[in-house]
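This is what each chain is made of:
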Amino acid sequence: MSVTKQKRERLGAKDEGMADLGLYLHIPFCVKRCHFCAFYLVLHDRQRVEQFLQAIEREIALYANQPGMRERTISTVYVGGGTPTVLPPEQLVAILSSIRSGFSLSQQCEITVEATPESLTDKYADFLRQAGVTRLSIGIQSFDPQERTMLGLSGTRAEAMSSVQIAKQAGFSNINLDFIYGIPNQTVQSWEMTLTHALELDPSHLSLYALSLEKGTRFYSEFRRGLFEVMDPDHEVCFQQQAETQLKLRRLSRYELSNWAKSGFACQHNLRYWRGLEYLGLGPSAQSYVSESRYGNVSSVEHYSKCLEAGQLPVVKRELLSRAQQDKERIVFGLRLLEGVPIDWVHKASQDEIWATSFTTLVKEDYLFQTDTGVQLTQKGQQFADTVGMRLL
Ligand code: SF4
């Protein structure tokens, strides 16, 4: 067995080519907007939630009744947002029941729900467990009180700590915690403290994201007004190295640029994105990649609901990808995985001479490492992964 195949199997990958599908559900509500967040969401309001719940039921029914949909196995369901757990548990569980009735979920289906620490009560966690949710992803972001204020997070550090215990007591063993580094004024010491607390909670998965300044966020406008400086990319590397050192000791391995997991706990849903496999997105702003097309739902609860009331799918942008585009995209996404991509993907994309030249240049410039069987980002390539991606698209 090749090394790449062994690595893929350790991550829980199945043979490619199966017509299975991942489902993403976007629940677009939060109690307030964090200062760094650019996701499509609206503040929680009962009337809008009612409108949304009716609409998502209609969207589920429209897709479920499409020819061939029930024959496709759903391998992963990811409920994200927004904050899914801002909905009362009965409402969230009702959506999951409709998913189960409308689609054919595999027996081993990974079902992830995102939660904020303060919304995850004992009752909520029990409800989710009984509804067959297999994985929780909790957005903690930082354990440092000043950084939490800076990020505009709701909830306290104590709630962040106890949410993981609540999840475990409800029977969850597959738990991801999200954290952010590169926060203005953050030090490597405070990051070390956040990671130490995180590791004391013994999660099976950690997602560590560098803070990025997204247009439309409070951080972005404060940065434009000169209220703080962004972290130097060279300094960001110190935060990554700190994480690498601490996480390795707790048997968490980095399998994607921002993701670490214990063996067997890589996120199967997100692996679909990185491996170029198909997924269907439901809810306002959700994106899909199905039948060689990328498309997205309208980013407005009102428009989303109106379309569905009229019996139409709320799709606003649809692009049919050529075979060559798909070949390039799966390489760019696949390179985010530390295992890299198989060499035959590169051979296929290299039929385009311009692309092949860009690829060879990136290898020469030490952004990519090529072997007889595959290609991976080098250390330098990992640091400039977005630039590498742009040069290969
Ligand atoms: S809780 Fe999550 S989705 Fe909601 S505003 Fe904060 S970061 Fe964004």
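Residues numbered from 1 in each chain as written. Predicted model: local features only at pLDDT ≥ 70, side-chain atom pairs only at ≥ 80, totals over all residues.

**Re the domain arrangement of the protein**
Under the domain assignment used here, the protein contains domain 1 (3-274) and domain 2 (323-393). Here domain 1 and domain 2 have C-alpha centroids that lie 27 Å from each other. With 11 residues of domain 1 at the contact, the number on the domain 2 side is 12 residues. Among the elements of the structure, helix 1 (3-10), helix 9 (233-249), strand 9 (253-256) and helix 10 (268-274) are those that each provide at least two residues to the side of domain 1 that touches domain 2. Grouping the constituent residues of the side of domain 1 that touches domain 2 by class yields 6 nonpolar, 1 polar and 4 charged. (Domains from an automatic or database assignment. Contact = placed C-beta atoms within 7 Å. Helix = DSSP H or I, 4+ residues; strand = E, 2+ residues; numbered from the N terminus. Nonpolar A, V, L, I, M, F, W, Y, C, P; charged D, E, K, R; others polar.)

**Things to note about the nonpolar core**
In terms of nonpolar packing, the biggest core is built from 83 residues, with L23, V77, I138, A167, F179, Y181 and L206 touching the most fellow members. Those residues in contact with L23, other than ones at most four positions away along the chain, are I74, V77, I99, F103, Y279, L280 and L282. Listed in part, the 13 residues of the second largest apolar core include F359, L362, L368 and V388. (Core = buried A, V, L, I, M, F, W, Y, C linked by C-beta atoms within 7 Å. Buried ≥ 20, exposed ≤ 12 C-beta atoms within 10 Å, placed from the backbone.)

**Quick look at the pairing of strand 6 (residues 135-141)**
Within strand 6, 7 of the 7 residues are buried, which leaves it mostly tucked inside the rest of the structure. Neither face of strand 6 is open: one carries R135, S137, G139 and Q141, the other L136, I138 and I140, and all of them are buried. Pairing analysis gives 4 bridges linking strand 5 (residues 104-115) to strand 6, with the strands arranged parallel. Counted as the bridge partner of V113 is L136 from strand 6. Where strand 6 meets strand 7 (residues 175-181), 5 bridges bridge the pair, whose relative direction is parallel. Residue pairing across strands places L136 opposite I175, the latter belonging to strand 7. (Pairing = 2+ DSSP bridges.)

**A short note on the site of the ligand**
In the vicinity of the ligand, the residues found are C30, R33, C34, C37, F39, L41, G81, G82, T83, T116 and G139. Looking at the shell around the ligand residue by residue, the classes come out as 5 nonpolar, 5 polar and 1 charged. (Near = placed C-beta within 6 Å.)

**Considerations on the packing of helix 7 (residues 188-200) against helix 9**
Each pair of packed helices gets described by two things: the angle between the helix axes and the distance between those axes. Packing of helix 7 against helix 9 leaves a shortest axis separation of 10 Å and a crossing angle of 30 degrees. Compared by their axis directions, helix 7 and helix 9 come out roughly parallel. For the element pair helix 7 and helix 9, the recorded crossing hand is right-handed. For the pair helix 7 and helix 9, contact is made by V188, W191, E192, L195 and L199 and by C238, F239, Q242, A243 and Q246, respectively. Of the residues in the contact of helix 7 with helix 9, the class split is 7 nonpolar, 2 polar and 1 charged. (Axes fitted to C-alpha atoms, helices over the stretch in contact; angles between N-to-C directions. Parallel < 35°, antiparallel > 145°, perpendicular 65-115°, else oblique. Left-handed = near helix turned anticlockwise from the far one by under 90°.)

**Some words on the sheet that holds strand 16 (residues 368-370)**
In space, the 3 strands of this open sheet follow the order 15-17-16, with antiparallel pairing throughout. Two strands close off the open sheet at either side, each with one partner strand: strand 15 (341-342) and strand 16.

**Comments concerning unusual backbone geometry**
Looking along the chain, the bond that leaves G81 and enters G82 is cis, with omega of 25 degrees. Its location among the elements puts G82 in the loop between strand 4 (73-81) and helix 3 (89-102). With phi around 50 degrees, S291 is a residue other than glycine that occupies positive phi space. Tracing the chain through its elements places S291 in the loop between strand 12 (287-290) and strand 13 (293-297).

**Some thoughts on the pairing of strand 1 (residues 21-27)**
Counting buried residues along strand 1, 7 of its 7 residues qualify, which places the element largely inside the surrounding structure. Alternating positions in strand 1 separate into two faces, L21, L23, L25 and I27 on one and G22, Y24 and H26 on the other, with burial throughout. As judged from the 7 bridges shared by strand 1 and strand 4, these two strands associate in the parallel manner. Its bridge partner being in strand 4, H26 is matched across the sheet by G80. Two elements, strand 1 and strand 11 (residues 279-282), share 4 bridges in a ladder whose sense is parallel. By the bridge assignment for strand 11, Y24 is matched with G281.

**Describing the environment of L308**
Note that L308 resides in helix 11 (residues 301-309). Note on L308: 23 C-beta atoms within 10 Å, which makes it buried. Residues L308 and A55, spaced 253 residues apart in sequence, show a C-alpha to C-alpha distance of 5.8 Å.

**Describing the environment of V341**
Its place among the elements puts V341 in strand 15. When the C-alpha positions of V341 and V375 are compared, they lie 5.5 Å apart, and in sequence the two are 34 residues distant. Residue contacts for V341: discarding those within four places in its chain leaves I331, G334, L335, V346, G374 and V375.

**Notes on the environment of E309**
Locating E309 in the fold gives a position in helix 11. You can call E309 exposed: it has 12 C-beta atoms within 10 Å. A C-alpha to C-alpha distance of 48 Å links E309 and F359, two positions 50 residues apart in sequence.

**What to know about helix 11**
Taken residue by residue, helix 11 has V301, Y304, S305, C307 and L308 as its buried positions. Across the axial projection of helix 11, the buried residues extend over an arc of 160 degrees, all falling on one side. Buried residues in helix 11 make contact with strand 3 (42-43), helix 2 (46-64) and strand 13. Positive backbone phi, approximately 80 degrees, marks G311, located one or two places after helix 11. (Arc of directions from axis to C-beta.)

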